[in-house]
Amino acid sequence: MTRSILILGGTADARLLAGKLADESGYRMLLSMAGRTRDPVPQPVPMRTGGFGGASGLAAFITEHAFDILVDVTHPYAASISANAMRAAAIANVPLVTLERPAWKTQAGDDWQSVADVESAVKALGTECKNAFLALGRQELLPFEAAPQHNYLIRSVDPVEPPLTVPSAHYITARGPFAVEDEINLLRENRIEFIVSKNSGGTAAYAKIEAARQLGITVLMIERPPLARTATVPDIDAALSAIRHQLSLLEERGE
Ligand code: NAP
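It should be emphasised that the depicted structure is a prediction, and the values quoted were computed from it without experimental measurement.

A. View of the overall build of the protein. Of the regular secondary structure elements, the protein holds seven helices and eleven strands. What you see for the protein is a C-alpha radius of gyration of 20 Å, in line with the 18 Å of a compact globule of 255 residues. With respect to the principal axes defined by its C-alpha atoms, the protein has extents near 65 × 35 × 30 Å. Every one of the 255 residues in the protein was classed for burial, and the buried ones make up 45%. Across the protein, 24 positive and 29 negative side-chain charges occur, with their mean positions spaced 2 Å apart.

B. Quick peek at the pattern of salt bridges. Taken as a whole and assessed by the stated rule, the structure comprises twelve salt bridges. Among the salt bridges present, the one from Asp237 reaches Lys20, with a minimum N-O distance of 3.9 Å. Here Lys20 lies in helix H1 (residues 12-22) and Asp237 lies in helix H7 (residues 236-252), a separation of 217 residues in the sequence. The shortest N-O distance in the salt bridge between Arg38 and Glu161 comes to 3.1 Å. One end of the pair, Arg38, is in the loop between strand E2 (27-33) and strand E3 (47-49); the other, Glu161, is in the loop between strand E8 (151-156) and strand E9 (169-173), with 123 residues separating them in the sequence. Overlapping salt bridges bring together Arg3, Asp68 and Glu251 as one network.

C. Spotlight on the site of the ligand. In the vicinity of the ligand lie 23 residues, with Gly9, Ser32, Phe52, Gly53 and Lys198 positioned nearest. Take Gly50: an N or O atom from its main chain is 3.5 Å from a nitrogen atom of the ligand. The side chain of Lys198 places a nitrogen or oxygen atom 2.4 Å from an oxygen atom of the ligand. In the complex, the protein chains occlude 79% of the 800 Å² of accessible area that the ligand would expose alone. Listed by contribution, the elements that provide at least two residues to the shell around the ligand are E2 and helix H3 (79-92). Here the element with the most residues in the shell around the ligand is H3; it accounts for four residues.

D. Geometry of the pairing of strand E11 (residues 218-222). Summarising burial for E11: five of the five residues are buried, a large majority. With burial as the criterion, each face of E11 is covered, one bearing Thr218, Leu220 and Ile222 and the other bearing Val219 and Met221. Bridge analysis of strand E6 (residues 112-115) against E11 gives four bridges, and the strand direction is parallel. Considered in E11, the bridge of Trp112 is made with Val219. Between strand E10 (residues 194-198) and its parallel partner E11, the chain crosses via helix H6 (residues 207-215), and the hand of that crossover is right-handed.

E. Quick look at the sheet that holds E2. Pairing is parallel across the open sheet formed by five strands, whose spatial order is E3-E2-E1-E4-E5. Across the chains shown, the open sheet's two edge strands, defined by having one partner strand only, are E3 and strand E5 (96-98). If you compare each strand with its neighbour and ignore which way they point, the axes differ by 20° on average. Examined bridge by bridge, E2 and E3 share three bridges and lie parallel to one another. When the bridges of E3 are listed, Met33 appears paired with Thr49. Seen against the sheet, helix H2 (residues 54-64) touches strand E1 (3-8), E2, E3 and strand E4 (69-72) and runs at an angle of roughly 155° to E1. Running over the sheet, H7 touches E1, E2, E4 and E5 and is turned about 140° from E1.

What counts as what
Residues numbered from 1 in each chain as written. Predicted model: local features only at pLDDT ≥ 70, side-chain atom pairs only at ≥ 80, totals over all residues. Heavy atoms only, no water. Helix = DSSP H or I, 4+ residues; strand = E, 2+ residues; numbered from the N terminus. Rg over C-alpha atoms; globule rule 2.2 N^0.38 Å. Buried < 20%, exposed > 50% of the residue type's maximum accessible area, 1.4 Å probe, protein only. Lys, Arg positive; Asp, Glu negative; His and termini not counted. Charge placed at Lys NZ, Arg CZ, Asp CG, Glu CD. Salt bridge = Lys/Arg side-chain N within 4 Å of Asp/Glu carboxyl O. Near = heavy atom within 4 Å. Polar contact = N/O pair within 3.5 Å; in protein donor to acceptor, adjacent residues only side chain to side chain. Areas by Shrake-Rupley, 256 points an atom, 1.4 Å probe, with all protein chains shown as cover. Pairing = 2+ DSSP bridges. Right-handed = clockwise from strand over helix to strand, strands pointing away. Axes fitted to C-alpha atoms, helices over the stretch in contact; angles between N-to-C directions. Contact = heavy atoms within 4.5 Å.

This is the structure:
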């Protein structure tokens, strides 16, 4: 029997997981993206783009297309879609597997200041002019317009358009993974004093954190949004096992 899997993506993990599932026979798959990235990387399985219209819309989509299982591999800061996934799986009565990369933890030599959100990071930069590296998505940058006294180095996947109204901002577009040596050079050349980062977990975005440790730079770490999650799996292999396990339970129940 061909089982059908709906994957909520927008992350490298979702692409890699979809690729591994595609290597196994017996699955019909659809990878769903929000459609934020202007030039998305090619995906190994069929794709759809755009919101579902909340949890009820997602549940209706699951039922209409007869998916057997929902797999949430969205980014840990994409809180709405993950909350919707939990509700939709319950409404549509399908199992949910959620992959959540464990958050990075401080190591000896790290100088992190934890901040609740982007606005708190802006305040933590202070009133004096600082050189700050913002490793954030373009939709998260607007609060920095309230602090035009700083020099900003901004790296995002898509161009920041329109640019911020601050007088001193330099923009780089790049997609990870990044190498520690390159990050060290970037931070040195721009005399960076603060990095503003999300705690994404995983390896692709970690090089800047390691570079900051080596250079003694403060990281303003934006905490993950609180989400009352049920069980999660920490990596792709665990997600594969959980998906196979959930599908075998359906088989046993004759569903
Ligand atoms: P969000 O705030 O949780 O989601 C906002 C709305 O966008 C959702 O309610 C949903 O609309 C739609 N949406 C989000 N992900 C979707 C998906 N995979 N498929 C279909 N619709 C989706 O999400 P966000 O923080 O804006 O992130 C958007 C996307 O970018 C996510 O796929 C996420 O994995 C990826 N991403 C986010 C970050 C980050 O830092 N936030 C970083 C890297 C990648 P409806 O309610 O209409 O269904």
